Amino acid sequence: MKIQSAPNQVNLPKLLPAPTPAESPTPTAPVADSVQLAAPQAETEAKPEAELSLGQRLIKGFFQEKRVPGKETEGSPFMKLMFGGVVASGAWCTAKVIADIAGAPTLGAAIGTAALSAGALAVGYVAADLPSGLLHHWADNYAKPDAKLGFVRKFAKQAQRHHFHPGKLGHYSVSYWAFPLSTVAWAPLVGAAALGAPAAVLAGAVGLIGGMSVYGKFHQWSHMKQTEVPAHGKLLQKAGLAIDPKNHGVHHRMPWNSDYCIVSGHLNKPLDAIKFWPRYEKAIYTITGAKPDSWNVPEYKDYVDGKITKEEYIARSREMMKGFKANEMPMRKEKWGIDG
């Protein structure tokens, strides 16, 4: 009997069905420096750089900060422009102060104007601690990870993250830290100078807005190794004009509910002495119903409510830290998506 041979194996591939989508090769992930950060999303996906028009590329470059691995991140041209406006308006106010002193009718009047202006400058600079503290306190206690504005979410998460990784606050230029305050900070300076405000008022405004504009840079320095802080930064810290690591370190003692001011830090002790932050939190709760995250710590809430004294609160610190590490810290990490 003649045995029939098996079909030719070369023809088998023709009989196989076309591969299903699930069997298709997995696309190669974009490289680390690619503009694409997620899988393509139909029409919502951003155009590749090469497909952008010249005008679109110029606009993107104008508003995008410059990130270089291993180096300080520079503010975008727009950030630099806004910060330059603050510097220029501050210089105009300073020039008018000098002109008022030089134009005084007598030597005594010139000395008096100079002394009053110097005092106002110092008061304004020290006062800048308060808005820096209010902003810091908001980021620690009231900020939400689902805020509508992207830069608000980014700022708040960075503030939360640096409590777990103090040495990784980030290295950014002054113009980057000054944004978005710099978009409006020049206006009161220009207005005061244009309206011919007295020298003391101009000097006080320069001190206040100047301090508010550099708070982020000073905060950054307080988290850097002293070998990394520039010479002028060390000088400002030694002179008491910029908060230093030792003084700011008090804020990083859990549960992070004091010493929020981060310009010079000179207002921290007076504010803590009058129980400013607990009273501020209670006022916010009374007006808006919003509870700060610091109230999640039972011992601190008892202190805020007057159930225990400050001394009792401090005495419970060791036990409080155990509960804080076991409960509050994991909750915050999960809430903000913080690793490590």
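Keep in mind that what you see is a predicted model, and the values were worked out from it rather than measured. (Residues numbered from 1 in each chain as written. Predicted model: local features only at pLDDT ≥ 70, side-chain atom pairs only at ≥ 80, totals over all residues. Heavy atoms only, no water.)

Details of the nonpolar core
Argument step 1. Counting residues in hydrophobic clusters, the biggest one holds 17 residues, and the most contacted among them are Y300, Y313 and F324.
Argument step 2. Broken down by secondary-structure element, the contributors of at least two residues to this core are α6 (150-164), α14 (298-304) and α16 (317-336).
Argument step 3. Here this core takes 4 residues from α16, the largest share from any one element.
Argument step 4. Excluding anything up to four places from it in sequence, F324 contacts M254, P255, W256, V297, M329 and P330.
Argument step 5. V97, A192, A197 and I209 belong to the second largest nonpolar core, which has 15 residues in total. (Core = buried A, V, L, I, M, F, W, Y, C linked by side-chain atoms within 4.5 Å. Buried < 20%, exposed > 50% of the residue type's maximum accessible area, 1.4 Å probe, protein only. Helix = DSSP H or I, 4+ residues; strand = E, 2+ residues; numbered from the N terminus. Contact = heavy atoms within 4.5 Å.)

Section: the packing of helix α8 (residues 182-194) against helix α9 (residues 199-222)
Argument step 1. Direction vectors running N to C along α8 and α9 enclose 170°, while the axes themselves pass 10 Å from each other. If you check the angle between α8 and α9, you find them roughly antiparallel. On the side of α8, the interface is formed by A185, P188, L189, A192 and A193, while α9 contributes L202, A205, V206 and I209. (Axes fitted to C-alpha atoms, helices over the stretch in contact; angles between N-to-C directions. Parallel < 35°, antiparallel > 145°, perpendicular 65-115°, else oblique.)

Thoughts on the packing of aromatic side chains
When we look at a pair of aromatic rings, we describe it by the centre distance and by the angle of the planes.
Argument step 1. Here the structure, examined in full by the defined rule, presents 19 aromatic pairs.
Argument step 2. Taking 5.6 Å as the distance between ring centres and 90° as the angle between the ring planes, the aromatic pair formed by F164 and W256 counts as edge-to-face. Here F164, found in helix α6, pairs with W256, found in the loop between α11 (245-249) and α12 (268-273); they are 92 residues apart in sequence, far enough to count as distant.
Argument step 3. Using a relative accessible area of 13% as the deciding quantity, one classes F164 as buried.
Argument step 4. Looking at W256, the relative accessible area reads 3%, which means it is buried.
Argument step 5. Arranged with centres 6.0 Å apart and planes meeting at 55°, the rings of Y300 and Y313 form a pair that is tilted. Placement of Y300 in helix α14 and of Y313 in helix α15 (residues 310-315) is noted, with a sequence separation of 13 residues between them.
Argument step 6. Since its relative accessible area comes to 1%, Y300 is described here as buried.
Argument step 7. Pairwise contacts between aromatic rings join F62, F63, F78 and F179 into one cluster.
Argument step 8. Its end group placed over the ring of W295, K301 keeps NZ or CZ at 4.6 Å from the ring centre. (Phe/Tyr/Trp six-rings, centres within 6.5 Å; stacked < 30°, edge-to-face > 60°. Lys NZ or Arg CZ within 6 Å of the ring centre and 35° of its normal.)

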